[in-house]
Amino acid sequence: MNTPVAASRARRPLLSFSVEGLPARDELLFKSLVRLLDHRTHQHWAWQVEDADLRVVGDKLAAAPPEEDPADRPVPLLTIGDTPPSRGPFLRLPLHADALEAMLNRLGAMVVHARELGLAAASRSRNEQAALSEEYRLLRWPSSTLLDTTMRLKLATLLASRPASLQALQQRSNASAQECADFISALERAGFVASSGGGHGATGFANSRAPESIWPDSHIATGNEAPHAAPSAPRATVEPGLLARIRSRLGLLSSGPRA
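My aim in this report is to walk through the structure given alongside it, one point at a time.

About the cut-offs
- Residues numbered from 1 in each chain as written.
- Predicted model: local features only at pLDDT ≥ 70, side-chain atom pairs only at ≥ 80, totals over all residues.
- Heavy atoms only, no water.
- Helix = DSSP H or I, 4+ residues; strand = E, 2+ residues; numbered from the N terminus.
- Expected span 1.5 Å × (residues − 1).
- Buried < 20%, exposed > 50% of the residue type's maximum accessible area, 1.4 Å probe, protein only.
- Contact = heavy atoms within 4.5 Å.
- Axes fitted to C-alpha atoms, helices over the stretch in contact; angles between N-to-C directions.
- Parallel < 35°, antiparallel > 145°, perpendicular 65-115°, else oblique.
- Left-handed = near helix turned anticlockwise from the far one by under 90°.
- Phe/Tyr/Trp six-rings, centres within 6.5 Å; stacked < 30°, edge-to-face > 60°.
- Lys NZ or Arg CZ within 6 Å of the ring centre and 35° of its normal.
- Pairing = 2+ DSSP bridges.
- Salt bridge = Lys/Arg side-chain N within 4 Å of Asp/Glu carboxyl O.

### Here's the deal with helix α5 (residues 150–161)
Item 1. Along its twelve residues, α5 runs 17 Å from first to last C-alpha, staying within 8% of the 16 Å computed at 1.5 Å per residue.
Item 2. Within α5, burial applies to Arg152, Leu155, Ala156, Leu158, Leu159 and Ala160.
Item 3. Elements that come into contact with the buried residues of α5 comprise β6 (135–138), β7 (164–165), α6 (166–173) and α7 (177–190).

Next comes the structure, spelled out in structure tokens:
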């Protein structure tokens, strides 16, 4: 049966720590205290050898930290010993449970916050990349109110020739990224463009037909309209019996069977 305490513990973030440069006795004591404090810490801490969320080091090792790759993710450093470092969190030996609990909760909150910021930044980056690669197709020629500048007219002409992404549109037009984004946003609000992100059909574009051509002052057949036949010249009306009277006058009518 799941108790509220067990449920709360199951929802805690799982974080890891590594231990370097501590005497074996102090390292064993630190790990044991972390396990004993598990029911009191806001995060669940587990030991692992390397690439942990928190590095616990002895004061001798902290005095000369190894060089790290700038591309590596920043990891909090907790120093334990007799001599405090020049900066960063520090716990003095011998360790006290209350001080360790407060330190783990403080550093755990920092790690969780940094992790959330990293996930949000990665999500924004993916969305921005998707927006840059998403293509837009002009459904019909925009109204004159949207083509109020020479650059917007150029952008509309480029979109009318073939679908383009914001990045491609910017490269082909030499417009700024903001100009392209503002113009596409205005076209979307007015319903003049369809994007490849709509999920309609295999190409991703909406399968809606435009009521008119994308080029101004033109009309296209929609495919559902009956073809308009060209008006034909009026035919001459032939009165009934007219040919017979003409033949009669010319003596071409037969006089019937002869006896």
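### Structural notes on the packing of α6 against α7
Helix packing for two helices is described by the angle between their axes and how far apart those axes are.
Item 1. Here α6 crosses α7 at 120°, and the two axes come no closer than 9 Å. Classified by the interaxial angle, the pair formed by α6 and α7 is oblique. Relative to α7, the crossing made by α6 is right-handed. Contact residues: α6 offers Leu166, Leu169, Gln170 and Ser173, while α7 offers Ala177, Cys180, Ala181 and Ile184.

### Structural notes on the packing of α5 against α7
Item 1. In the contact formed by α5 and α7, the axes pass within 11 Å of each other and the chain directions differ by 70°. Looking at the two axes, α5 sits roughly perpendicular to α7. Note on packing geometry: the crossing formed by α5 with α7 is right-handed. Between α5, through Met151, Arg152, Leu155, Ala156 and Leu159, and α7, the contact on the second element is made entirely by Glu179, Cys180, Asp182, Phe183, Ile184, Ala186 and Leu187.

### Some thoughts on the packing of aromatic side chains
Item 1. In the structure shown here, the tally under the stated rule is one aromatic pair.
Item 2. Each ring, one from Phe17 and one from Phe30, has its centre 5.5 Å from the other, and the planes form 75°; the classification is edge-to-face. With a gap of 13 residues between them, Phe17 in strand β1 (residues 14–20) and Phe30 in helix α2 (residues 24–36) connect regions that are remote in the sequence. Like Phe30, Phe17 is buried.
Item 3. Sitting over the face of the ring of Trp47, Lys31 holds its NZ or CZ atom 3.8 Å from the ring centroid.

### Here we look at the sheet that holds strand β5 (residues 90–92)
Strand pairing in a sheet takes place through backbone hydrogen bonds and is either antiparallel or parallel in direction.
Item 1. Taken in spatial order, the five strands make up an open sheet running β2-β1-β3-β4-β5, and their pairing is parallel. Edge positions in the sheet fall to β2 (44–47) and β5, since each of these pairs with one other strand and no more. Averaged over all pairs of adjacent strands, the angle between their axes in this sheet comes to 25°, without regard to strand direction.
Item 2. Relative to β5, strand β4 (residues 77–81) is paired through three bridges, and the arrangement is parallel. Following the sheet pairing, Thr79 is matched in β5 by Phe90.

### Overview of the pairing of β6
Item 1. Alternating residues of β6 divide into Tyr136 and Leu138, all buried, and Glu135 and Arg137, none buried.
Item 2. Sheet analysis places β6 next to β7, joined by two bridges and oriented antiparallel. Counterpart to Tyr136 in the pairing with β7 is Ala164.
Item 3. For β6 and strand β8 (residues 193–195), the ladder comprises three bridges, and the chain directions are antiparallel. Directly across from Leu138, in β8, lies its bridge partner Val193.

### Thoughts on the pattern of salt bridges
Item 1. Here the structure, examined in full by the defined rule, presents eight salt bridges.
Item 2. For Lys31, the salt bridge goes to Glu27, with nearest N and O atoms at 2.9 Å. Of this pair, Lys31 and Glu27 both sit in helix α2, four residues apart, which is roughly one turn of that helix.
Item 3. Residue Lys31 is classed as buried on the basis of its relative accessible area of 16%.
Item 4. The closest approach of N and O atoms between Asp53 and Arg115, which form a salt bridge, is 3.4 Å. With a gap of 62 residues between them, Asp53 in the loop between β2 and β3 (54–58) and Arg115 in helix α4 (residues 97–133) connect regions that are remote in the sequence.
Item 5. In this structure Asp53 comes out as buried when scored by relative accessible area, which is 12%.
Item 6. If you follow the salt bridges from partner to partner, you end up with Arg40, Asp98 and Glu101 in one network.

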